[in-house]
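Structural features, examined
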Amino acid sequence: GKPTLYGSLTRRGLSTEGVPDIAASEGFVVGEVTKKSILISCPHENVSTKFLAPYTTFSRIHQKSITCLDISSGGGLGVSTSTDGTMKIWQAANGEIRRLLEGHVYDVNCCRFFPSGLVVLSGGMDAQLKIWSAEDASCVVTFKGHKGGILDTAIVDRGRNVLSCSRDGTARLWDCGKSSCLGVVADCGSPVNGVALGAADDSLNLGTPEKAPSDREIGTEGKILLLAREDKNLQGVGLQSRQPVFLFAGSDAFNCCTFLSSTYILGGTQDGNIYQLDVRNTGTPIQVIHRSGAPVLSLLPYRDGFVASQGK
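Attention here is on the structure that accompanies the text. Keep in mind that this is a model prediction, so the values were computed, not measured. (Residues numbered from 1 in each chain as written. Predicted model: local features only at pLDDT ≥ 70, side-chain atom pairs only at ≥ 80, totals over all residues. Heavy atoms only, no water.)

What about unusual backbone geometry?
Among all residues save glycine, negative phi is the norm, and among peptide bonds the norm is trans. Here is the rule we go by: Under the scheme used here, helices are H or I runs from DSSP no shorter than 4 residues and strands are E runs no shorter than 2 residues, and both carry numbers assigned from the N terminus. For every residue, the accessible area (1.4 Å probe, protein chains only) is compared with the maximum for its type, and the residue is labelled buried under 20%, exposed over 50%, or partly exposed between those bounds.
The residue Tyr106 is not glycine, and still its phi comes out positive at about 70°. Tracing the chain through its elements places Tyr106 in the loop between strand S9 (97-100) and strand S10 (108-113). In this structure, Ser179 is a non-glycine residue whose phi angle is positive, near 45°. Look at Ser179 and you get partly exposed, because its relative accessible area is 38%.

Right, dumping it as structure tokens:
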């Protein structure tokens, strides 16, 4: 609700140890400076940020903005999608491109490795969900059923089942072995921008299925699916029951969500809020973090906290 403050940093020289001497414009203060980081604060707003030098930079993988990326469980491979229309698998150590995954029509929105690290799941604006071999770049399975672009995916346990959400307002559960849809987990009537799957706290009532689940459903019991919705709602749904567990209204469209634990979750909105909620009582957020008005685009648990990315 306040005007943005702009400032500039100027490097005046280098110390004999190779540490830059940096001056900040009015309103900003330079704190600790090392070869790898610069701490900047704005006393008037009581905020500070540490800028970290990249450990390494791969600038040749894509020509335009990177929209999604994932690293294999072993850490050896990366997969990424871009607004240049490509999806590529590359060596995480040196950025060397190993495979080009071609087959989606229009943009690819999301990509992730299966736990094995040998297979990739992707979703595109062509409303198709695809499974790829990371070894030979072949498309093993294509799922069709969504009526709009796929915006996010999740993998159930080791990957016999997978989930997708779409601009068509639905989240769907798929059987990889038979390449068929096991059901619509949720129909929100509004685009679902992001999903996250987690084990539910034991005290949470996930509801009971209206009919016995298919024997092709593997690992859906006791799981809760989070839905980051365009209509400003963050929703929890029992994966096996397909029953709503909670609905939380935020300040703007939810772009992303994640689990911190079986009880604590996060949701990020278009207007820059990060909501931390307790799934057992979502009436009032535990905290609302607002660093800037830029949209929160992705959230990831990390150690005792989390990593957030924001647009500009």
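We are not done yet, so read on.
Topic: the nonpolar core
The test is simple: The definition of a nonpolar core used throughout is a set of buried Ala, Val, Leu, Ile, Met, Phe, Trp, Tyr and Cys residues joined through side-chain atoms within 4.5 Å.
Ranked by size, the top nonpolar core spans 25 residues in total, and within it Val79, Leu101, Phe143 and Val162 carry the most contacts. Of all elements in the fold, only strand S7 (77-82), strand S8 (87-91), S10, strand S11 (119-124), strand S12 (128-133), strand S13 (139-144) and strand S14 (150-156) reach the threshold of two or more residues within this core. Looking at this core element by element, the count peaks at four residues for S10. Membership of the second largest hydrophobic core comes to 17 residues, among which are Ile224, Phe246, Cys257 and Tyr275.

Quick word on the sheet that holds strand S25 (residues 287-290)
Across a sheet, paired strands are connected by hydrogen bonds in the backbone, their directions being either parallel or antiparallel. What counts, and what does not: Only when DSSP finds a minimum of two bridges between them are two strands counted as paired. Axes here refer to lines fitted to C-alpha atoms; in helices the fit is confined to the stretch in contact. Angles between the N-to-C directions go from 0 to 180 degrees.
A sheet is described by the order of its strands in space; here four strands give the open sequence S22-S23-S24-S25, paired in antiparallel fashion. Sheet topology places strand S22 (254-259) and S25 at the edges, where each strand pairs with a single neighbour. The mean angle between the axes of side-by-side strands here comes to 20°, regardless of whether they run parallel or antiparallel. Strand direction decides the pairing type here: S22 and strand S23 (residues 264-269), joined by five bridges, are antiparallel. From the neighbouring strand, Cys257 faces S23, where its bridge partner is Gly267.

Concerning the pairing of S7
Most of S7 sits inside the fold, with six of its six residues counted as buried. Both faces of S7 are covered, namely the face carrying Leu77, Val79 and Thr81 and the face carrying Gly78, Ser80 and Ser82. Two elements, strand S6 (residues 66-71) and S7, share five bridges in a ladder whose sense is antiparallel. Looking across to S7, one finds that Cys68 is bridged to Thr81. The turn linking S6 back onto S7 is made up of five residues, and Gly75 within it adopts a positive phi angle of 85°. As paired strands, S7 and S8 are joined by five bridges and run antiparallel to one another.

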